[in-house]
Amino acid sequence: MLACCSCAVSSKPKRFSATFFDFFDTVSTVTAYDADQNAFDNHLAQLCQRLEEYHKLYDIYNSYDGLANTNTLNNEAGKAPVAVDGRIIDLLEYGKEVYELSEGKTNICFGAVLSIWHEYRRQGTSDPEAAKLPDMDALKAAAEHTDINDLIIDKGNSTVYFADPQLKLDVGAIAKGYAVKEISEWAKENLWSSAIINVGGNVCVFGYKNDDGATPWNIGIENPNQNGNSYLETVKLTDMSVVTSGDYQRYYTVNGKRYCHIIDPGTLMPAEYISAVTVICDDSALGDALSTTLFNMPIEQGMKLVEDTQGVEAVWTNKDYKEFYSSGFDNFINEG
């Protein structure tokens, strides 16, 4: 009996974590329960391999030998249809769905405008003294080439064509969330029974803390008020996703004013409705898309969208760091 008890104790999965900065230009953290360090390392390597594949496919800034990715589309699809991996087709089709859901607030064909802001933000970050805003006439001219109907997807032939040669993709509002959704579903089937996968704030959890089948994971929601508590709230979750969009991480400063990386399609300027919004739902891709969408609209409008969307909850923080909660958000707050 003692020998059997010892075997049972030793076979209990243990908790392991790893942090890396290799994909989607952001920090990723994986926490999971596994048999031992070697098993975790092996499973993590498999996950990273898949994450790297999505990173390369959805990368709009870099090309890779022998691979047609979203960067390839931006360079070639305005000339003729380009054959791509089915995972790109799936992402772009989802991007069209998000455009309809968001009423144009999240547009994967907004790259012509976003690329201008990206360059000014890059220059302003590297040389703060010379930081400046883009010319509005240039932004308006770029906005003429953002019609999502000019994105022609032929799923049967797995090709993409731009009817407007000046159209540019920017899938940043949905790519990480979509990749995390796909990878988490695969990891749950093939690697672990309980894990947290966090790719740059796109968090997906499945299973349970302690791998005990009973205790939800505790996930901290970062407080956008850098002078306040570290966490706005701590939520208890299993088989759910948490995604945050905020103005406090990716930004640059011009004449003492901070300009974030999320651009409002209505104004062509960085959105200024709120400081942050966090979305909870069971789909990381939807959470990613909605967090950008909600950041680009007033809280009242966003609240209606959330309340009208089944299985979604959110918390907003306005510019004065006051919080606003959707009707069912309290169900997830950890009161402990």
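Our structure is the block above this text.
Computed from a predicted structure; not experimentally measured. (Residues numbered from 1 in each chain as written. Predicted model: local features only at pLDDT ≥ 70, side-chain atom pairs only at ≥ 80, totals over all residues. Heavy atoms only, no water.)

A. Quick peek at the sheet that holds strand S15 (residues 323-325). With antiparallel pairing, eight strands are arranged side by side in an open sheet as S1-S2-S6-S7-S10-S13-S14-S15. With one partner strand each, in any of the chains shown, strand S1 (14-23) and S15 form the two edges of the open sheet. The average angle at which neighbouring strand axes cross in this sheet is 15°, direction not considered. Taken together, the six bridges between strand S10 (residues 240-246) and strand S13 (residues 276-281) define a ladder with antiparallel strand orientation. Along S13, the bridge assignment pairs Thr244 with Thr278. Contacts from helix H7 (residues 175-190) reach strand S2 (26-34), strand S6 (195-199) and strand S7 (202-206), with the element oriented near 20° to S7. (Pairing = 2+ DSSP bridges. Helix = DSSP H or I, 4+ residues; strand = E, 2+ residues; numbered from the N terminus. Axes fitted to C-alpha atoms, helices over the stretch in contact; angles between N-to-C directions. Contact = heavy atoms within 4.5 Å.)

B. The arrangement of the packing of helix H5 (residues 111-126) against helix H6 (residues 136-143) in detail. The geometry of H5 relative to H6 is characterised by a closest axis approach of 7 Å and an angle of 150° between their N-to-C directions. Taken together, H5 and H6 sit at an angle that is classed as roughly antiparallel. For the pair H5 and H6, the contacting residues are Ala112, Val113, Ile116 and Trp117 in the first and Ala138, Leu139, Ala142 and Ala143 in the second. Of the residues in the contact of H5 with H6, the class split is eight nonpolar, no polar and no charged. (Parallel < 35°, antiparallel > 145°, perpendicular 65-115°, else oblique. Nonpolar A, V, L, I, M, F, W, Y, C, P; charged D, E, K, R; others polar.)

C. Representation of the layout of surface pockets within the structure. The computed volume of the second largest pocket comes to approximately 170 Å³. Lining the second largest pocket we find 13 residues, and of these Ser184, Glu185, Cys204, Asp239 and Asp282 sit closest to its centre. Within the residue set of the lining of the second largest pocket, elements represented by two or more residues are H7, S7 and S10. Residue contributions to the lining of the second largest pocket peak at five residues, all from H7. Residue composition of the lining of the second largest pocket, grouped by class: four nonpolar, three polar and six charged. (1 Å grid on protein atoms, 1.4 Å probe; cavity = no way out; pocket = protein on both sides within 12 Å on 5 of 7 lines; lining within 4 Å. Points joined across faces, edges and corners; volume = space filled by probe spheres on them.)

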